[in-house]
Amino acid sequence: MSLTLWNSRFSVTLVRQHATILMSSTTKTSAANSSHYILNNFQSQQRRNQTTIMDKGARRTSQQSGRNPGKTLQTGRNSLESSTSDTGLNVPPFNHPHCDRQAMYQQPVRKVKPVRGNYDYDLVVIGGGSGGLSCAKEAVAHGARVACLDFVKPTPLGTKWGVGGTCVNVGCIPKKLMHQAALLGEAVHEAAAYGWNVDDKIKPDWSKLVTAVQNHIKSVNWVTRVDLRDKKVEYINGLGSFVDSHTISAKLKGGERTITAQTFVIAVGGRPRYPNIPGAVEYGITSDDLFSLDHEPGKTLVVGAGYIGLECAGFLKGLGYEPTVMVRSIVLRGFDQQMANLVAAAMEERGIPFLRKTVPLSVEKQSDGRLLVKYENTETGEVDSDVFDTVLWAIGRKGLVDDLNLDNAGVLTHKDKIQVDCEETTNVPHIYAVGDIIYGKPELTPVAVLAGRLLARRLYADSELRMDYVDVATTVFTPLEYACVGLSEEDAIKLYGAEEIEVFHGYYKPTEFFIPQKSVRYCYVKAVAQRNGEQRVYGLHYLGPVAGEVIQGFAAALKSGLTIPTLMNTVGIHPTTAEEFTRLSITKRSGLDPTPASCCS
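Residues numbered from 1 in each chain as written. Predicted model: local features only at pLDDT ≥ 70, side-chain atom pairs only at ≥ 80, totals over all residues. Heavy atoms only, no water.

(A) Representation of the packing of aromatic side chains within the structure. Applying the stated rule across the entire model yields nine aromatic pairs. Centroid distance Tyr496 to Tyr538: 4.4 Å. Interplanar angle 10°. Geometry classified as stacked. Here Tyr538 lies in strand 26 (residues 537-544) and Tyr496 lies in helix 16 (residues 489-496), a separation of 42 residues in the sequence. Residue Tyr538 is classed as buried on the basis of its relative accessible area, which comes to 3%. Ring-pair connections join several aromatic residues into one group, and the members of that group are Tyr508, Tyr542, Phe554 and Phe581. The aromatic ring of Phe388 is capped on one face by Lys299, whose charged end is 5.0 Å from the ring centroid. We note Lys518 situated over the ring of Phe513; from NZ or CZ to the ring centre the distance is 4.3 Å. (Phe/Tyr/Trp six-rings, centres within 6.5 Å; stacked < 30°, edge-to-face > 60°. Helix = DSSP H or I, 4+ residues; strand = E, 2+ residues; numbered from the N terminus. Buried < 20%, exposed > 50% of the residue type's maximum accessible area, 1.4 Å probe, protein only. Lys NZ or Arg CZ within 6 Å of the ring centre and 35° of its normal.)

(B) Representation of the environment of Lys526 within the structure. Within the fold, Lys526 resides in strand 25 (residues 524-530). The exposure class of Lys526 is buried, given its relative accessible area of 0%. Put simply, Lys526 and Thr587 are 61 residues apart on the chain and 9.1 Å apart in space, counted from C-alpha to C-alpha. A polar contact of 2.9 Å, which involves the side chain of Lys526, links it to the side chain of Asp336. Polar side-chain contacts of Lys526 include one of 2.8 Å to the side chain of Gln338. (Polar contact = N/O pair within 3.5 Å; in protein donor to acceptor, adjacent residues only side chain to side chain.)

(C) Representation of unusual backbone geometry within the structure. Residue Pro575 is reached from His574 by a cis peptide bond, and omega for that bond is -5°. Its place among the elements puts Pro575 in the segment after helix 18 (564-568). Even without glycine at this site, Asn405 takes up a positive phi of about 50°. Mapping Asn405 onto the fold places it in the loop between strand 18 (397-399) and helix 14 (406-409). Residue Asn405 is classed as partly exposed on the basis of its relative accessible area of 38%. Unlike most non-glycine residues, Gln517 shows phi in positive territory, near 55°.

Keep in mind these numbers describe shape, not what the thing actually does.
Next up, the structure:
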């Protein structure tokens, strides 16, 4: 679209429909100097797209790699020369790992015409997780011949699982179920305050909980297999590795199988890391093992303070166990640090201790079966130790590139991830990647699902929609949940300058907390916004109950150009916690007390 078109008086509805993915521009004019609201919104978003992804990096499905700020890659990719797609179209190179919308739409969409008979399949997807499966099923729906390779290597403890990837088997789903179990336990005890006669002897049964969670997971595995069969996706339970750029070798139970394809999508995801210290692999476990653990975890040392570590520590405490969180540097790296520290403080208030500025040195198994962990304070150098029943490593995740033999296909990697352009294309034009395996993008299941689906539509359905990785909402399911969308306060200041940012904030009191007299000390919301002009909202942050349900709708509003005046003129639903965003009126700059005096006025 030209600048003239954007300056024309189209309706807000039309602009919003195109704002998420289809925006483009040929100007770099500063948004602060623009007099046109629509152009202002777009240019601000364009700069955020460039800077946010590079500064904030990917955000989920792995602890540190999913939440850490993205590290800027080298400016160019030497091997990313101008290339020719399968249609013969000369495609200019992408000399940057992260794309803004202007650069994105200056590049033509690569079209793939299936060459029937020359290959075994039009598309082979390597990886049976959320992103790979969504891509495979969408491609089949548009006439492609598709196979999906999926293989899970057992953990050092021997844990393995079925089709569906991390989210279904050892991630989002079992985590949310155990989080819910912990919340229910808390609610049972609160029920007494509401007049219910509750037996004080009520306690959780770890074995029953694990069985229930695993039964649900197995049902999802089964439904997924049936769905692939019904949709005519050939499922191959084998470990795939490249022979050349159009051929892979699949290691099966009964031998090997060579498969050729015109196009490949790599969607292998990642697995938890182990520290390089004595006893880590032999005696420690990860989130891959926790949800099917055949014994109570007991007193647990959670090493790592990313979202995985905090979530696990949270539900373990809610189930009656004794978690301790070991923090090497900061809590929830990549998130708004004010909110991160409030999350940690709320957990400490609930009795979860934090060992700060501390790293583990070794893990030894004692004669009684318990684990002696030695650790060091990185500031003082003091060495200490304690005994635990379980040690849970939550120090980040590693992309599963090692078994793929990517060198045989000519695909470049950065550390343990794959670099892609704005169409999820690697440096090899017919090989793509989606999900947690790609470098510098949010590591979240819904991101992988949509990216895979849009990729398949571009390849086989003449679509031109690209994935928009900016302003993706996410939730940390700690006991007091934290959800956010958009920029953190730190990143907004870094991008626009402190004098151009206004932060509206406030504490609040959830109605349901009153009667059981639950702590409301850390229930808090804030909106990070443009200080002048239209006061565009750059980020929303919420700490409180059902955070994910609250932030989802606001995420759509933020991507559609939400402003502070719009937010303040929206009538809230009362009494809810979501309405607190519509009641924001106090700024940090004002110095006024953000604590409410009344709930209804």
